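# Descriptive structure summary
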Amino acid sequence: MAKILVTGGLGYIGSHTVVALQEAGYEVVVVDNLSNTLAEVEDSIEKISGTRPIVHHFDVAEQGKLQNLIQDEGVEGIIHFAAFLQVNESVENPLKYYENNIGTLVSVGKAARDSGNLPIVFSSSCTVYGNPETLPVDENAPIVNSESPYGQTKIVGEQILKHAADAGDFPVISLRYFNPIGAHPSGEIGELQFGEPHHLVPYITETASGKRSELKIFGSDYPTSDGTCVRDYIHVMDLAEAHVAAMKKALSLKRGNFEAVNIGTGKGTSVLEMVKSFENATGLEVPYVLADRRAGDAIAVYASAGKAKDWLKWEASRSLDETFRDAWNWEKNLAKKNIPERENV
Ligand code: UD1
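Notes on the structure follow. Residues take numbers from 1 onward in each chain, read along the sequence in its written order. For this predicted model, a pLDDT threshold of at least 70 governs which residues receive local features, and a threshold of 80 or more governs which side-chain atom pairs are given and counted, while totals over whole chains, interfaces and linings are taken from all residues. Only hydrogens and water are removed before side-chain values are computed, so all heavy atoms of the structure are retained for them.

## Considering the packing of aromatic side chains
Working definition: rings of Phe, Tyr and Trp (its six-membered ring) pair if their centres are within 6.5 Å, and the pair is stacked with planes under 30 degrees apart, edge-to-face with planes over 60 apart, and tilted otherwise. Within the structure shown, the criterion is met by three aromatic pairs. Ring plane angle 80 degrees and centroid distance 6.2 Å describe the contact between Phe-278 and Trp-328, whose orientation is recorded as edge-to-face. With a gap of 50 residues between them, Phe-278 in helix 9 (residues 271-282) and Trp-328 in helix 11 (residues 320-336) connect regions that are remote in the sequence. An identical accessibility class is assigned to Phe-278 and Trp-328; each is buried. One aromatic cluster in this structure is built from Phe-278, Phe-324 and Trp-328. To sit over a ring, a charge needs its Lys NZ or Arg CZ within 6 Å of the ring centre and within 35 degrees of the ring normal. When the ring centre of Trp-311 is taken as origin, the NZ or CZ atom of Lys-307, which lies over that ring, is 5.8 Å away. Numbering of helices and strands runs from the N terminus, with a helix taken as a DSSP run of H or I at least four residues long and a strand as a DSSP run of E at least two residues long. Throughout this description, buried means an accessible area under 20% of the type-specific maximum (1.4 Å probe, protein chains only), exposed means over 50%, and partly exposed covers the range between.

And the structure:
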């Protein structure tokens, strides 16, 4: 089986993908500068899979170092996660986001090109569609400039990779994720929280645990069935397995190919439905208030998941109930961990 480099492989989606790759029989090399995670994640991965991945702690923007590693290890494909991910912070500090997210991408691209035109699977986002006019949104929907530098780095990142693929540098599969949630069922890995969460489900689990007094639902007057925003929430292990399917496919592609693929469930769920489903799945209560809209939120976004099914032979299989049980299990384990207070990025 091929040896795969996973940049950002100790982060939330990265660590689950490392486990899924190992389970599928791939050898894994990780490069992670620990900017938004902890080195202990290596132990947790080993506990789950029984195999410790090869891990190097440095910034993938260090292109020479990255290229040497790829060549020394005989890497055959790259999954590129390493990037900053906070929308609010990106608005406050755009240059930090452009420098890091574009710098790391260009470095990975050059290293892939100069190490034998290695295939790249890129971590993109449904944020490239903005507030889509047609639902479910498919891969041919227009790409709209993002309101946030974070979102724009995903759009520009895809353009850079498309141009490089067109020039014959390597094949690329860009995965446009919808909303990843939950954690590995073992409770060993999940999304670490170094301060205030940035996404809905950690807010729900922290409210259920009593860490927060109530959940604020951002906006209840949207033109949706119950007035709250609709998203396509996908179990992080389903998403991780999508990366395995994408890498398998990418290894068979010729350089020059660029494909973007939605990775979602195809099902839209409102914020209120999320709260109710969590309560049903866990038997816990989540006190909430209906609050003002949050600036920049799309009304409703959910995937047309047909291309992933037909072309990657992958589809999401875990239920929302299962996902919430895993999310809650992780929340309980997180409470026992001694996570230092620091900014997420
Ligand atoms: C967010 C980012 C998006 C990014 C994605 C994945 C914004 C505006 N968008 O998507 O660019 O690609 O994460 O990292 O930040 N909600 C509440 N109360 C809360 C938290 C969230 O009602 O305390 C609602 C939001 O208004 C939204 C839904 O829950 O309708 C999901 O929010 P969130 O988890 O932050 O994800 P997105 O906004 O979809």
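## Regarding the pairing of strand 5 (residues 120-125)
Counting buried positions along strand 5 yields six of six residues, so the element is predominantly enclosed. Residue alternation in strand 5 divides its side chains into two sets, Ile-120, Phe-122 and Ser-124 and Val-121, Ser-123 and Ser-125, and both sets are buried. A pair of strands is considered paired only if DSSP assigns at least 2 bridges between the two. With three bridges connecting them, strand 4 (residues 77-80) and strand 5 associate as parallel partners. Opposite His-80, over in strand 5, you have Phe-122 as the bridge partner. For strand 5 and strand 6 (residues 172-177), the ladder comprises six bridges, and the chain directions are parallel. In the strand pairing of strand 6, Ser-124 is matched with Arg-176.

## A few points about the site of the ligand
By convention in this text, a residue qualifies as near a molecule or strand provided that one of its non-hydrogen atoms is within 4 Å of it. As a matter of local geometry, the ligand sits amid 19 residues, with Leu-200, Lys-216, Arg-231, Arg-294 and Asp-297 nearest to it. Whenever two N or O atoms come within 3.5 Å, that pair is a polar contact, provided that in protein one can donate a hydrogen and the other can accept it, and provided that, for residues adjacent in sequence, both atoms are side-chain atoms. Contacts to the ligand include Lys-216, whose backbone N or O atom sits 2.7 Å from a nitrogen atom. One nitrogen or oxygen atom from the side chain of Asp-297 is found 2.6 Å from an oxygen atom belonging to the ligand. Residue exposure ignores everything except the shown protein chains as possible cover, and the areas themselves are Shrake-Rupley values with a 1.4 Å probe. Protein chains shield 89% of the accessible area of the ligand, which is 740 Å² for the free molecule. Going through the elements one at a time, helix 7 (200-208) and strand 8 (215-218) are the ones with two or more residues in the shell around the ligand. With four residues, strand 8 is the single largest residue contributor to the shell around the ligand. The nonpolar class holds Ala, Val, Leu, Ile, Met, Phe, Trp, Tyr, Cys and Pro. Asp, Glu, Lys and Arg form the charged class, and all remaining residues, Gly among them, are polar. The residue inventory of the shell around the ligand, partitioned by class, reads ten nonpolar, five polar and four charged.

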